[in-house]
Amino acid sequence: MTDHPRKGTVAAPGSPGFALHTLGWRAFQDLCAAVLREVWAQSVHTFADSNDGGRDGAFYGTWQQPPDPIGVQDVPDGPFVLQCKHTKKADTTLAPSDLDDEFAKVQALVERGLCGSYVLLTNARVSGTSEATIRRRLLDAGVAYPLVLDGQWICDTIATRQRLRTFVPRVYGLGDLSQILDERAYNQAQALLGYLRDELATFVVTDAYRRAVQAVQEHGFVLLLGEPGIGKSVIAETLAMTALDAWGCLTVKAPDAGGLIRHWNPHETNQFFWIDDAFGSVRHERHLTDDWTRRMREVMTAVRSGAKVVLTSRDYIYRDARRYLKESTYPLLHEQRVVVDAAQLSPEERRQILYNHIKLGDQPREIRSSMKYHLHEAADADPFYPEAARRLGLQAFTHRLQLNSRGIADFMARPSDFLREVYDGLEPDEKTALALTYQAGECLPSPLNLDSAQHDVVTRMGGSIAGVSRALQTLTGTFLRLGSPPGENATTGWSFRHPTLQEGFAAFLATDPNLIKIFLSGQNWRTILPRIDCDTGDQAGTLLRVPPSLYSRVVELLQIADQETRANLAGQMIWHEFLASRCSNEFLTLYTQAQPDAVIRMTWFTSFLNVIDEPRVLARLQQADLIEPAHHQLIVERVTKLAVESPDAGWTWLPEWKVLLSGTEREQLLSHVKLQLPSRFGKILQDWRSNYNPDEADPQTHFEELEIELNKYQDVFAEDADAVSAIEHALEKMNEAILTIDDELVPQGPHASAPHGHSTLPDAPYERNIFDDVDDD
């Protein structure tokens, strides 16, 4: 192999530079692997954080000489090992002594035939003398073809490779973009960076991002779905920055389909449009969906002409909107080939996201040191919200955080609870500033020019105009964002930095009855309904009682909730619980008048009766004398069916069924179960068996609920020997089915005891925790 020219040994005037020292060790390792994958077109595999055997990355197979090798010539066949050395200090020079441990590992790899060529990549400088020494020691260790690439080589490579930047978008925030973008794109990029700098600094390339890039490249269109706080908008925003560079697009942030068409220029072949919350921000807004339906052909014409379009939507909103979209106009949407679930994060991606937010937050070193031993567990929170990870890295949100595993895990799993405590501890001017921003909706214009309603908010919250102005500046960066997204006619001002911060503040407002009207003006029923009651009686634990004069607004919220949760049982529980336990007869009457079909839909309840909530609501409506005879007949028919087919014995003991069923109806239902359950149990058991998934539970656990229901029936029929005998026989059949499944799961053959999974290298080093340098400054 001929010696390659050492490009970047000395940075020439104007030579690009990226602040690679600000990356973590794992992020730098991923960048190095991306260099080999994207620049040299080799199949580089990055080893996990443990058991890498001294290899941070490796290529196996025959080296395919790349068309533009960038200083790498005549690399021979054989295993190719990549080693990364990262330093947190800027302008550091790598010395051969820094690699003493690596030289010993290299020799072991060579002896085992795992290393023919060895590439060392570092973000540090490497002098000519040091490179010669490193190469000589690698040759002495048995490496046939050593290669040393320093930080400037990496920076030059980033600057000259658009595709590399596409898959490592964090570099946009690490260097001087004027060196890689033309003037028009540079001006837009500067505006974007002002809006996105913090997001880019902590951005992690996830599989969802890669699939979004692929969808945009191949089809010009992608729809990003996920819960609030999961990172949809950050992916869309990062794609916008990538579009400026890698695809030569000019970027427009449009409010809706109409805005996209207004800004589309048929003579501009490369335009990038991103539309957040395309079908509604916190609920499905039918008029937005209708607009997309009417204009879908025009949108697709723009896409076919070269435009690239990225939409985001909360998953539950899209489920409701989808039935109204004419997907036949764009079949790929129907086929889900351009739909990406942003919530699908691997354990490694979660840890890197959490690492970035803790490392780049403002927590003091001693706090990060206390946190780091608990961050692996925090990254396993389910669901995992990148926005919660961001807050964990900021002092403003963690004043009362307990620095132990439980405290940090609770913070990640229940971010809204901690957020409420944070708001409670703010100063009056800070609370007032947030209230004004919340009331303003999309954006509180800057400079402040308050109207009479806003002055009323200031008075109610106990703030002052001067104090609010100062507070807005203080809160910017943590709670608020100042600026305007790219796009024409965008308003400059303050908005909540994340939708969940806005929704959390709505929950906080509910603690102050004087601000109830501000609170009820919000659109998010998920945060409103759990914190109010519409009952004029005394009830413990009520945070905010709504007077009858505002009942109609709460009815509107319930209608929104009904629409958004038709296929979401978890969401339904919020408003079902509200109707069942915190509503007066007066309110329920108003609700059933406004929403008569909701009562009918509640009669379509499913098993298991002990965990669903529709019967509780129906029982409360029965007590208010609001269940019509036709509704009651549907309830009886439904529970009669479930009592046998599931089977479900909940109706025999749950209190709501003592309200819903008369004594006569209960006796008739018992007779029906006694007659039908024994004869139909074979089919019931077959259904339970076919629903068993060995990846989710063991057989005993899977059949546990069936056993519980049968035992409950056995208790009910305790005085009926024939019924008890029939149920005992059913239990025996169930146990036989469990044993049969157990036998099927036992591994067979001479290697039955061999564990599954990959073997580890005998000399594998100790596991390196991704968080081990999170407290380094």
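These figures come from a predicted structure and were not determined experimentally. (Residues numbered from 1 in each chain as written. Predicted model: local features only at pLDDT ≥ 70, side-chain atom pairs only at ≥ 80, totals over all residues. Heavy atoms only, no water.)

1. Section: the overall build of the protein
And then number 1: Counting its regular elements, the protein contains 35 helices and 13 strands.
And then number 2: The buried share among the 777 residues of the protein stands at 53%.
And then number 3: Looking at the protein as shown, the accessible area adds up to about 34,700 Å², and 48% of this sits on carbon and sulfur atoms. (Helix = DSSP H or I, 4+ residues; strand = E, 2+ residues; numbered from the N terminus. Buried < 20%, exposed > 50% of the residue type's maximum accessible area, 1.4 Å probe, protein only. Areas by Shrake-Rupley, 256 points an atom, 1.4 Å probe, with all protein chains shown as cover.)

2. Topic: helix H7 (residues 207–219)
And then number 1: With 13 residues, H7 extends 18 Å between its outermost C-alpha atoms, agreeing within 8% with the 18 Å of an ideal straight helix rising 1.5 Å per residue.
And then number 2: For H7, every residue scored as buried is listed here: Ala208, Tyr209, Ala212, Val213, Ala215, Val216 and His219.
And then number 3: Looking at the residues trailing H7, positive phi occurs at Gly220, about 75°. (Expected span 1.5 Å × (residues − 1).)

3. Details of the sheet that holds strand S9 (residues 308–314)
And then number 1: Strand order in this open sheet of five strands is S7-S8-S9-S6-S10, and the pairing throughout is parallel. Edge positions in the sheet fall to strand S7 (250–253) and strand S10 (339–341), since each has one partner strand and no second. Geometrically, the sheet is characterised by an average inter-axis angle of 20° between neighbouring strands, direction not taken into account.
And then number 2: Here strand S8 (residues 271–275) runs beside S9; their pairing, made up of four bridges, is parallel. Within the sheet, the bridge partner assigned to Trp274 lies in S9 and is Val310.
And then number 3: Seen against the sheet, helix H11 (residues 315–322) touches strand S6 (221–226), S9 and S10 and runs at an angle of roughly 105° to S9. (Pairing = 2+ DSSP bridges. Axes fitted to C-alpha atoms, helices over the stretch in contact; angles between N-to-C directions. Contact = heavy atoms within 4.5 Å.)

4. Some remarks on the pattern of salt bridges
And then number 1: Per the stated rule, a full pass over the model turns up 20 salt bridges.
And then number 2: We note a salt bridge from Arg391 to Glu387, for which the minimum N-O separation is 3.2 Å. With Arg391 and Glu387 both in helix H16 (residues 386–392) and four residues apart, the pair spans about one turn of that helix.
And then number 3: A residue is classified by how much of its surface remains accessible, and Arg391, at 4% relative accessible area, is buried.
And then number 4: Across the salt bridge formed by Asp687 and Lys683, the nearest N and O atoms sit 2.9 Å from each other. Residue Asp687 and its partner Lys683 are located together in helix H32 (residues 663–690), separated by four residues, close to a single helical turn.
And then number 5: The class of Asp687 is partly exposed, set by a relative accessible area of 30%.
And then number 6: One continuous salt-bridge network, built from bridges that share partners, spans Lys85, Glu102 and Lys105. (Salt bridge = Lys/Arg side-chain N within 4 Å of Asp/Glu carboxyl O.)

5. Describing unusual backbone geometry
And then number 1: In this structure, Pro447 follows Ser446 across a cis peptide bond, with omega equal to 5°.
And then number 2: As for its placement among the helices and strands, Pro447 is situated in the loop between strand S11 (444–445) and helix H20 (452–461).
And then number 3: Following Ser607, the chain continues into Phe608 via a peptide bond in cis, with omega recorded as 0°.
And then number 4: Along the chain, Phe608 falls in the loop between helix H28 (596–602) and helix H29 (614–623).
And then number 5: Positive phi outside glycine occurs at Asp91, with the angle close to 60°.
And then number 6: By secondary structure assignment, the location of Asp91 is in the loop between strand S3 (80–85) and helix H2 (100–111).
And then number 7: A relative accessible area of 65% means that Asp91 is categorised as exposed.
And then number 8: Positive phi is not limited to glycine here, since Asp277 has a value of about 50°.
And then number 9: By the element assignment, Asp277 lies in the loop between S8 and helix H10 (286–304).

6. Regarding the sheet that holds strand S12 (residues 480–483)
And then number 1: Spatially, the three strands line up as an open sheet ordered S11-S13-S12, and their pairing is antiparallel. Two strands bound the open sheet, and with one partner strand each, they are S11 and S12.
And then number 2: Here two bridges tie S11 to strand S13 (residues 493–496), and the two strands are oriented antiparallel to one another. Across the sheet, residue Leu444 finds its bridge partner in S13, namely Trp494.

7. Things to note about the packing of helix H30 (residues 629–645) against H32
And then number 1: Where H30 meets H32, the closest approach of the two axes is 7 Å, and the angle between their N-to-C directions is 40°. Accordingly, the angle class assigned to the pair H30 and H32 is oblique. In terms of crossing hand, the pair formed by H30 and H32 is right-handed. On H32, the residues touching His632, Val636, Val639, Thr640, Ala643, Val644 and Glu645 of H30 are Glu665, Leu669, His672, Val673, Gln676, Leu677, Arg680 and Ile684. (Parallel < 35°, antiparallel > 145°, perpendicular 65-115°, else oblique. Left-handed = near helix turned anticlockwise from the far one by under 90°.)

8. A word on the packing of aromatic side chains
And then number 1: Applying the stated criterion across every chain yields a total of 14 aromatic pairs.
And then number 2: Here Phe397 and Phe479 contribute two aromatic rings whose centre-to-centre distance is 4.7 Å and whose plane-to-plane angle is 45°, an arrangement assigned as tilted. Here Phe397, found in the loop between H16 and helix H17 (405–413), pairs with Phe479, found in the loop between helix H21 (465–475) and S12; they are 82 residues apart in sequence, far enough to count as distant. Side by side, Phe397 and Phe479 carry an identical accessibility label, which is buried.
And then number 3: Centroid distance Tyr423 to Phe505: 5.2 Å. Interplanar angle 75°. Geometry classified as edge-to-face. (Phe/Tyr/Trp six-rings, centres within 6.5 Å; stacked < 30°, edge-to-face > 60°.)

9. Here we look at helix H3 (residues 128–140)
The periodicity of an α-helix, 3.6 residues per turn, causes residues three or four positions apart to be oriented the same way.
And then number 1: With 13 residues, H3 ought to run about 18 Å at 1.5 Å a step, and its terminal C-alpha atoms sit 18 Å apart, in line with that.
And then number 2: Among all positions in H3, only Ser130, Glu131, Ile134, Arg135 and Leu138 are buried. Projected down its long axis, H3 carries its buried residues within an arc of 130°, all on one side. In H3, the exposed positions that point more than 90 degrees away from the buried face belong to Thr129 and Asp140.
And then number 3: Among the structural elements, H2, strand S4 (117–122) and strand S5 (145–149) are those in contact with the buried residues of H3.
And then number 4: In the segment just after H3, Gly142 is the residue with positive phi, at about 105°. (Arc of directions from axis to C-beta.)

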